[in-house]
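# Overview (structure and organization)
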Amino acid sequence: MASSRVGIGVIGYGYWGPNLVRNFVSNASARLVSIADLDSGKLAASTHLYPGVMTTSRYEDLLKDPSIDAIAIATPVRTHYELAMAALKAGKHVLVEKPLAPNADLVRRLLDEADRRGLTLMVDHTFLYTPAVQKIRDLIKDGQLGDIYYYDSTRSSLGLFQNDVNVIWDLAVHDISIIQFILNEEPIAVSATGSSHVAGSPENMAHITMFFESECVAHVSVNWLSPIKVRQTFVGGSKKMIVYDDLEPTEKIKVYDKGITLDASPENAHQFRIGYRAGDMWAPNISTKEALQTEIEHFLQCVRNGTTPISDGRSGLKVVELLEAASLSIANHGKPVVLRQRQRVPEDVKVA
Ligand SMILES: NC(=O)c1ccc[n+]([C@@H]2O[C@H](COP(=O)([O-])OP(=O)(O)OC[C@H]3O[C@@H](n4cnc5c(N)ncnc54)[C@H](O)[C@@H]3O)[C@@H](O)[C@H]2O)c1
């Protein structure tokens, strides 16, 4: 490392890139050296805010600069592989926007390159660094929710329509990374349907169902054509349930001590009476720290110490594999795609 601070280059200063730039600039362990974008207007806007930071329309300039140790890539998904591979080959650590690459094969090539060179490869799955999602993970891990029955989320708004990826690669990618982070098991199958309402454009709404070996099921609804913005997730457990509303300014998570109890009826041991339990609701205190601030601190630590990021290339690969399987299911009108074989035989099909 050329100096005590990690030298940073950022490629892509469109909608999301400025958020990365702002957080690198405010981090004392980083030194933002240069920003690359094809659009001169975007570069002029960055110079206005950060006059000391170099700008260029050629990302290759960042690769050649020995004062740059790590590169963050915030360009459209179709460009992620080419830019990330070029950065790794130039010996730079890399933070890539979600999803890591447009298919799993390309992600594996990036993983191999990073491993071979001993470089950090991290993907910006921003939600994993939000205090709300970290709290949900802790509550599940502590057993406070009991067995997890379902994860059910809606992520919709009017726009932003993308032209290089469909709505699942843009929005459901968040839920898939969250599910992978908070649940202690991998889905065994996925089924998805999607529709496009703009001729020649990718699907702008989709529904994905993920099946697990346990009784858990995850359902994700994503939509770019919704009259209102919704970011709501329900996590149902045998002991407690969570409602997570990311649009709530303060009480993002509400934990409900609600559920059902099953009593076997005395007449017939196979018939259950369902009782409803309605206890208290509480909203845990959650830090308001910006997720990207935490994430960029973590990236810089991983670069410095060689530790494995929470959202490393391997977790990025699992997300892309799931997105690929869901895309295959959409192409086959919802036909389930098996991801792995069951380990257990379900109770009801066991031979007596
Ligand atoms: N983590 C999040 O919550 C989050 C949110 C929004 C977008 N994103 C991701 O960020 C990425 C970018 O999305 P966006 O909405 O900012 O897109 P955008 O189109 O607004 O910006 C992309 C920028 O990259 C530039 N660019 C494209 N190719 C380039 C190249 N070869 N060299 C230099 N610059 C180049 C474009 O000129 C543009 O300014 C996507 O991967 C998207 O999924 C992540």
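Residues numbered from 1 in each chain as written. Predicted model: local features only at pLDDT ≥ 70, side-chain atom pairs only at ≥ 80, totals over all residues. Heavy atoms only, no water.

### Quick word on the overall build of the protein
Within the protein one finds nine helices and 15 strands. Relative to the globule expectation of 20 Å for 352 residues, the C-alpha radius of gyration of the protein, 22 Å, shows essentially globular dimensions. Along the three orthogonal principal directions, the C-alpha set of the protein runs to about 80 × 45 × 45 Å. Taking all 352 residues of the protein together, the buried fraction comes to 50%. (Helix = DSSP H or I, 4+ residues; strand = E, 2+ residues; numbered from the N terminus. Rg over C-alpha atoms; globule rule 2.2 N^0.38 Å. Buried < 20%, exposed > 50% of the residue type's maximum accessible area, 1.4 Å probe, protein only.)

### Let's talk about the nonpolar core
The biggest cluster of nonpolar side chains holds 103 residues, and the ones touching the most others in it are Phe24, Ile168 and Met210. Tallying contributions element by element places helix 7 (residues 167-182) first for this core, with 11 residues. Residue contributions to this core reach at least three from each of two domains, namely domain 1 (6-124) and domain 2 (128-288 + 318-338). When neighbours within four sequence positions are excluded, Ile168 is seen to be in contact with Val173, Ala206, Ile208, Val222, Leu323, Ala326, Ser327 and Ile330. (Core = buried A, V, L, I, M, F, W, Y, C linked by side-chain atoms within 4.5 Å. Domains from an automatic or database assignment. Contact = heavy atoms within 4.5 Å.)

### Remarks on the pairing of strand 2 (residues 30-36)
Most of strand 2 sits inside the fold, with six of its seven residues counted as buried. Handedness of the crossover joining strand 1 (residues 6-11) and strand 2 through helix 1 (residues 17-25): right-handed. Pairing between strand 2 and strand 3 (residues 54-56): three bridges, direction parallel. By the bridge assignment for strand 3, Ser34 is matched with Met54. Crossover strand 2 to strand 3 through helix 2 (residues 40-49) is right-handed. (Right-handed = clockwise from strand over helix to strand, strands pointing away. Pairing = 2+ DSSP bridges.)

### A closer look at the site of the ligand
The ligand sits among 20 residues. The nearest are Tyr15, Trp16, Asp37, Lys98 and Thr126. At 2.6 Å from an oxygen atom of the ligand is found a side-chain nitrogen or oxygen belonging to Asp37. Within the side chain of Glu97, an N or O atom sits 3.2 Å from a nitrogen atom of the ligand. (Near = heavy atom within 4 Å. Polar contact = N/O pair within 3.5 Å; in protein donor to acceptor, adjacent residues only side chain to side chain.)

### Focus on the layout of surface pockets
Taken as a whole, the second largest pocket spans an internal volume of roughly 290 Å³. Forming the walls of the second largest pocket are 14 residues, and the residues nearest its centre are Ile140, Ile182, Leu183, Asn184 and Glu185. Secondary structure elements with two or more residues in the lining of the second largest pocket: helix 6 (131-141) and helix 7. The greatest single-element share of the lining of the second largest pocket, amounting to three residues, is contributed by helix 6. Taken together, the residues of the lining of the second largest pocket sort by class into six nonpolar, three polar and five charged. (1 Å grid on protein atoms, 1.4 Å probe; cavity = no way out; pocket = protein on both sides within 12 Å on 5 of 7 lines; lining within 4 Å. Points joined across faces, edges and corners; volume = space filled by probe spheres on them. Nonpolar A, V, L, I, M, F, W, Y, C, P; charged D, E, K, R; others polar.)

### Observations regarding the domain arrangement of the protein
When the domains of the protein are assigned, the result is domain 1 (6-124) and domain 2 (128-288 + 318-338). Look at where the C-alpha atoms of domain 1 and domain 2 centre, and you get two points 31 Å apart. In this complex, domain 1 contributes 13 residues to the contact, which on the side of domain 2 involves 12 residues. With both chains or domains summed, domain 1 and domain 2 bury close to 930 Å², and 63% of this area falls on carbon and sulfur atoms. For the domain 1 face of the interface with domain 2, the top three residues by lost area are Lys98, Pro99 and Ala104, together amounting to 44%. Seen at the junction of domain 1 and domain 2, the total is three salt bridges. (Buried area = accessible area lost by both parts, 1.4 Å probe. Salt bridge = Lys/Arg side-chain N within 4 Å of Asp/Glu carboxyl O.)

### Quick look at helix 9 (residues 313-331)
Spanning 19 residues, helix 9 covers 27 Å between terminal C-alpha atoms, matching the ideal 27 Å at 1.5 Å per step. Turning to helix 9, its buried residues number three or more, namely Gly313, Ser315, Gly316, Leu317, Val319, Val320, Leu322, Leu323, Ala325, Ala326, Ser329 and Ile330. Each element contacted by the buried residues of helix 9 is listed here: helix 5 (104-117), strand 6 (121-124), helix 7, strand 8 (189-195), strand 9 (205-211) and strand 15 (337-338). Just downstream of helix 9 lies His333, where phi reads positive at about 55 degrees. (Expected span 1.5 Å × (residues − 1).)

### Overview of the sheet that holds strand 11 (residues 225-237)
Spatially, 14-13-12-11-7-10-9-8-15 is the arrangement adopted by the nine strands of the open sheet, whose pairing is mixed. Among the strands making up the open sheet, the edge pair consists of strand 14 (272-282) and strand 15. Where strand 7 (residues 148-158) meets strand 11, nine bridges bridge the pair, whose relative direction is antiparallel. Each bridged residue has a counterpart across the sheet, and for Thr154 the counterpart in strand 11 is Gln232. Where helix 6 meets the sheet, it contacts strand 7, strand 11, strand 12 (241-245), strand 13 (253-264) and strand 14, and its direction lies at approximately 175 degrees from that of strand 12. (Axes fitted to C-alpha atoms, helices over the stretch in contact; angles between N-to-C directions.)

### Quick word on the sheet that holds strand 3
Read from one edge of the open sheet, six strands run 3-2-1-4-5-6, paired in parallel fashion. Edge positions in the sheet fall to strand 3 and strand 6, since each has one partner strand and no second. The sheet shows a mean angle of 20 degrees between the axes of neighbouring strands, direction not considered. Packing against the sheet, helix 4 (residues 80-89) makes contact with strand 1, strand 4 (70-73) and strand 5 (93-97), and its axis sits at approximately 170 degrees to strand 5. Docked against the sheet, helix 8 (residues 291-305) engages strand 1, strand 2, strand 4, strand 5 and strand 6, running at close to 175 degrees with respect to strand 6.

### Focus: helix 7
Along its 16 residues, helix 7 runs 22 Å from first to last C-alpha, staying within 8% of the 22 Å computed at 1.5 Å per residue. Maximal helix bending in helix 7 amounts to about 45 degrees, located at Val173. Among the 16 residues that make up helix 7, 15 are buried, leaving the element largely enclosed by the rest of the structure. (Bend = angle between axes of the 7 residues up to and from the residue.)

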